[in-house]
Amino acid sequence: MSDAVPPILEVRGLQKSFGGLRAVDDVTLAVPGGSLTALIGPNGAGKTTLFALVSGFITPDAGTVAFAGRQIAGLPAHLVCRAGMTRTFQIVQPFAGQTVLENIAVGAHLHRVRQADAQAHARAVAARVGLADQLDKRADSLPIAGRKRLELARALATDPRLLLLDEVMAGLNPSEIAEIIPIIRSIRDGGVTILLIEHVMQAVVNLAEHVWVLSYGRLIAEGSPAAITTDAQVIEAYLGHGAAARMQAMQVAQ
Amino acid sequence: MTPSAVRSLLFIVAFLAAMALLPAFIRSEFWLTFLILALYTASLGQAWNVLGGFGGQYSFGHAMFFGVGAYAAAVLQVRFGINPWVTLGAAFVLGGATGAMVGALTFRYGLKGSYFALVTLAFAEVFRVLANTFEFTGAGVGMMIKLAPGAANFQFVAKTGFYFTILSIVAAGLMVAWWLKHSRFGAWLTAVRENEDAARALGVDVFRVKLGAITLSGAMMATGGVFYVQMFQYIDPPLAFGAGISVEALLVAIVGGMGSIFGPLIGAFTLALVNHTTTELIGRAPALSMALYGLLLIVMVTFLPNGLIGGLASLARRLGLRQRSGGDE
Ligand SMILES: Nc1ncnc2c1ncn2[C@@H]1O[C@H](COP(=O)(O)OP(=O)(O)OP(=O)(O)O)[C@@H](O)[C@H]1O
Ligand SMILES: [Mg+2]
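So, here's what we can say about the structure. (Residues numbered from 1 in each chain as written. Chains lettered and ligands numbered in written order. Predicted model: local features only at pLDDT ≥ 70, side-chain atom pairs only at ≥ 80, totals over all residues. Heavy atoms only, no water.)

### Looking at the site of ligand 1
Residues and elements named next belong to chain A.
1) Next: Around ligand 1 there are 13 residues in total, and Gly44, Lys47, Thr48, Thr49 and Gln90 lie nearest to it.
2) Next: In the environment of ligand 1, an oxygen atom lies 2.8 Å from a nitrogen or oxygen atom belonging to the side chain of Gln90.
3) Next: Only β2 (21-32) and α1 (47-54) provide two or more residues apiece to the shell around ligand 1.
4) Next: Of the residues in the shell around ligand 1, the class split is four nonpolar, seven polar and two charged. (Near = heavy atom within 4 Å. Polar contact = N/O pair within 3.5 Å; in protein donor to acceptor, adjacent residues only side chain to side chain. Helix = DSSP H or I, 4+ residues; strand = E, 2+ residues; numbered from the N terminus. Nonpolar A, V, L, I, M, F, W, Y, C, P; charged D, E, K, R; others polar.)

Structure representation (structure tokens):
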């Protein structure tokens, strides 16, 4: 990808094994500052593990992670967040017994000591992601679409420079997906770099400027969404060996 | 301050003002003692509430902090002739230090849930054995505080002296709980209770927050120990470090409502009334009161997990009363 913009996140040779399984295998990638990019790949490819490594939730076996020019591999998660990189969870992790406002305020407190300030910021963030009329509801009373937005809102409330979004659209219906796509774009337009993991190809094609494809822990392709969706290796990774050839044959037949 | 914080502060002030006026209307020594003991139990419950209710770390050994406070007071007073009011400060610091030590050992290694509960229980037991062993803590005999009546010696001739002392301790506890509801530290602590991973992802230093909570909780619990020693002028290892105090502290918080400002007070008064009623009906029977506590705990956890406060709130909701946003009394 173009070298014009300095990378905000630079991952080199990152590696993590669970027992004999290489969940992340020698991954190198650079996310340009201000970009909106995506990480895709079949189930179990190691995408969430890569996020966990980068955000300090697990320590890599090998490799380096540089965030805004600073080495952060091995830094604990809360310090990574303080440095300006916040992740969301694929399996939503709300503060279940707390209200939506209280949930978002926890994120807002990172850079705001007073409760009044944190709550004011939380309200503003809630408005941005369309949760303004749910503030007093308990988090565990929200439907899945609401919880996904809450995940996003809480992370956004920490004023991150880089957001790692792990499948914020999984489990949403097409109209809910159509609603959240412009929200994500507007967050990026507000100056936050976004790297998202997504299975919903409509969203990836719609949003991402650049896509990395992970399969069995390895990066197998990268490029624009258009290029990726026609890449033979990528199609095989998703649909199995020989799939690309079969699709080609079908297209020729038509 | 947010409007909700102001409202809740006004409520606390009004409550304390009413409690301050109460002795003027009470003629009977018996009921004054009843109030003192209920407030004293509430202060223990509030100490437990800071760590267990707000922080979700269920200690079964809070007697260790209580005992450290009680023995700090007794030893300093009896062996070194230090004024009991001064020992209050020393006990506060030592209770906090004990909390910090236990917290550093347990939370550093990520002990949670029943493991944390068991380790705190074991710590209390270790303290009990130590107090039983050493000569300067009076070993198994315990320690007696010399009779020296006078407010300057924390020995009030009139019971109202004890009443206002314990009311002040309860007031401080209410302010701590109010602060937890309306501060960043409190928001972080509650977040840690609800979901540690999510808290961590939002920049919360989980270890430090827990450490802060157990330090504060230990310090508060130790002041309860000092009050006990001054009120009863005697302490021994089972009284100080036995399971009774630990159970009392967690029970009143759970019965009243964990993580709420007034939960420990409501729990303490409920428990005091229950105790009083059973004593009236069938006479004194300490073993029975323990059994009753156990039963109460089971009933609460099964039917009212949010305590009496939570039960009242959901009852009010069912009766169609408007639910206030962020209601926190
Ligand atoms: N803590 C762990 N211990 C052992 N194995 C793990 C652990 N976390 C992940 N794995 C394994 O590592 C591999 C990669 O998992 P990961 O969750 O990163 O995949 P993913 O690409 O996010 O998949 P999905 O699209 O289903 O979310 C999987 O085989 C998974 O079972
Ligand atoms: Mg995943």
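### Concerning the coordination of the magnesium ion (ligand 2)
All names here are of chain A.
1) Next: Coordination of the magnesium ion (ligand 2) by the protein is provided by Thr48 (OG1) and Gln90 (OE1), with metal-donor distances spanning 1.9 to 2.1 Å. A residue pair is termed long-range when its members are at least 10 positions apart, and Thr48 in helix α1 and Gln90 in the loop between β6 (85-87) and α3 (100-108) qualify at 42 residues.
2) Next: Residue Thr48 is classed as partly exposed on the basis of its relative accessible area, which comes to 29%.
3) Next: Note on Gln90: relative accessible area 31%, which makes it partly exposed. (Donors = N, O, S within 2.8 Å, 3.2 Å for Na, K, Ca; no water. Buried < 20%, exposed > 50% of the residue type's maximum accessible area, 1.4 Å probe, protein only.)

### Points about the nonpolar core
The nonpolar side chains of a soluble globular protein tend to be buried with one another.
1) Next: Counting residues in hydrophobic clusters, the biggest one holds 95 residues, and the most contacted among them are Phe227 and Ile235 of chain B.
2) Next: Per element, the largest residue contribution to this core is 13 residues, and it comes from helix α9 (residues 206-232) of chain B.
3) Next: Here Phe227 of chain B is in contact with Ile36, Tyr40, Phe154, Phe162, Thr165, Ile166 and Ile169 of chain B, once residues within four sequence places are set aside.
4) Next: Ranked by size, the runner-up nonpolar core spans 48 residues in total, among them Ala105, Leu150, Met169 and Ile183 of chain A. (Core = buried A, V, L, I, M, F, W, Y, C linked by side-chain atoms within 4.5 Å. Contact = heavy atoms within 4.5 Å.)

### Quick notes on the environment of Asn83 of chain B
Residue and element names in this part refer to chain B.
1) Next: Within the secondary structure, Asn83 is located in the loop between α3 (63-80) and α4 (84-108).
2) Next: Looking at Asn83, the relative accessible area reads 29%, which means it is partly exposed.
3) Next: Beyond its immediate sequence surroundings of up to four residues, Asn83 is in contact with Ala152 and Asn153.
4) Next: Within the structure, Asn83 has its side chain in polar contact with the backbone nitrogen of Trp85 (distance 2.7 Å).

### Looking at the packing of α4 of chain B against α9 of chain B
1) Next: With their axes 6 Å apart at the nearest point, α4 of chain B and α9 of chain B run at an angle of 145° to one another. The handedness of the crossing between α4 of chain B and α9 of chain B is right-handed. (Axes fitted to C-alpha atoms, helices over the stretch in contact; angles between N-to-C directions. Left-handed = near helix turned anticlockwise from the far one by under 90°.)

### A word on the interface of chain A and chain B
1) Next: The partner chain B presents 24 residues to the 28 residues of chain A that form the contact.
2) Next: In total, about 2100 Å² of surface goes out of reach between chain A and chain B, with carbon and sulfur atoms giving 60% of it.
3) Next: Our enumeration of links across chain A and chain B arrives at zero salt bridges.
4) Next: Sorting the residues of the side of chain A that touches chain B by element identifies α2 (77-83), β6, α3, α4 (115-128) and α5 (144-156) of chain A as the ones contributing at least two each.
5) Next: Here the side of chain A that touches chain B gets four residues from one element, more than from any other, and that element is α2 of chain A.
6) Next: In the side of chain A that touches chain B, the residues fall into twelve nonpolar, ten polar and six charged. (Buried area = accessible area lost by both parts, 1.4 Å probe. Salt bridge = Lys/Arg side-chain N within 4 Å of Asp/Glu carboxyl O.)

### With respect to the sheet that holds β6 of chain A
Residues and elements named next belong to chain A.
1) Next: The strand order β6-β7-β8-β3-β9-β10 describes an open sheet built from six strands, whose pairing is mixed. Both edges of this open sheet fall to β6 and β10 (218-223), since each of them pairs with a single strand only. For this sheet the average axis-to-axis angle between neighbouring strands, irrespective of direction, equals 15°.
2) Next: Looking at chain direction, strand β3 (residues 36-40) and strand β8 (residues 193-197) are connected through four bridges and run parallel. (Pairing = 2+ DSSP bridges.)

### Structural notes on unusual backbone geometry
Residue and element names in this part refer to chain A.
1) Next: One non-glycine residue, Asp26, adopts positive backbone phi at about 55°.
2) Next: Residue Asp26 is classed as partly exposed on the basis of its relative accessible area of 41%.
3) Next: Even without a glycine there, the phi angle at Asp159 is positive, about 55°.
4) Next: Within the secondary structure layout, Asp159 lies in the loop between α5 and β7 (162-166).

### Side note on α4 of chain A
Residues separated by three or four positions in an α-helix point in the same direction, a consequence of the helix having 3.6 residues per turn.
1) Next: Over its 14 residues, α4 of chain A extends 20 Å from the first C-alpha to the last, a length consistent with the 20 Å expected when each residue adds 1.5 Å.
2) Next: Residues of α4 of chain A that are buried: Gln115, Ala118, Gln119, His121, Ala122, Val125 and Ala126 of chain A. Within α4 of chain A, the buried residues cover an arc of 165° as seen down the axis, which keeps them to one side.
3) Next: If you follow the buried residues of α4 of chain A, they end up packed against α3 and α5 of chain A together with α1 (3-21) and α6 (159-181) of chain B.
4) Next: Just downstream of α4 of chain A lies Gly130 of chain A, where phi reads positive at about 80°. (Expected span 1.5 Å × (residues − 1). Arc of directions from axis to C-beta.)

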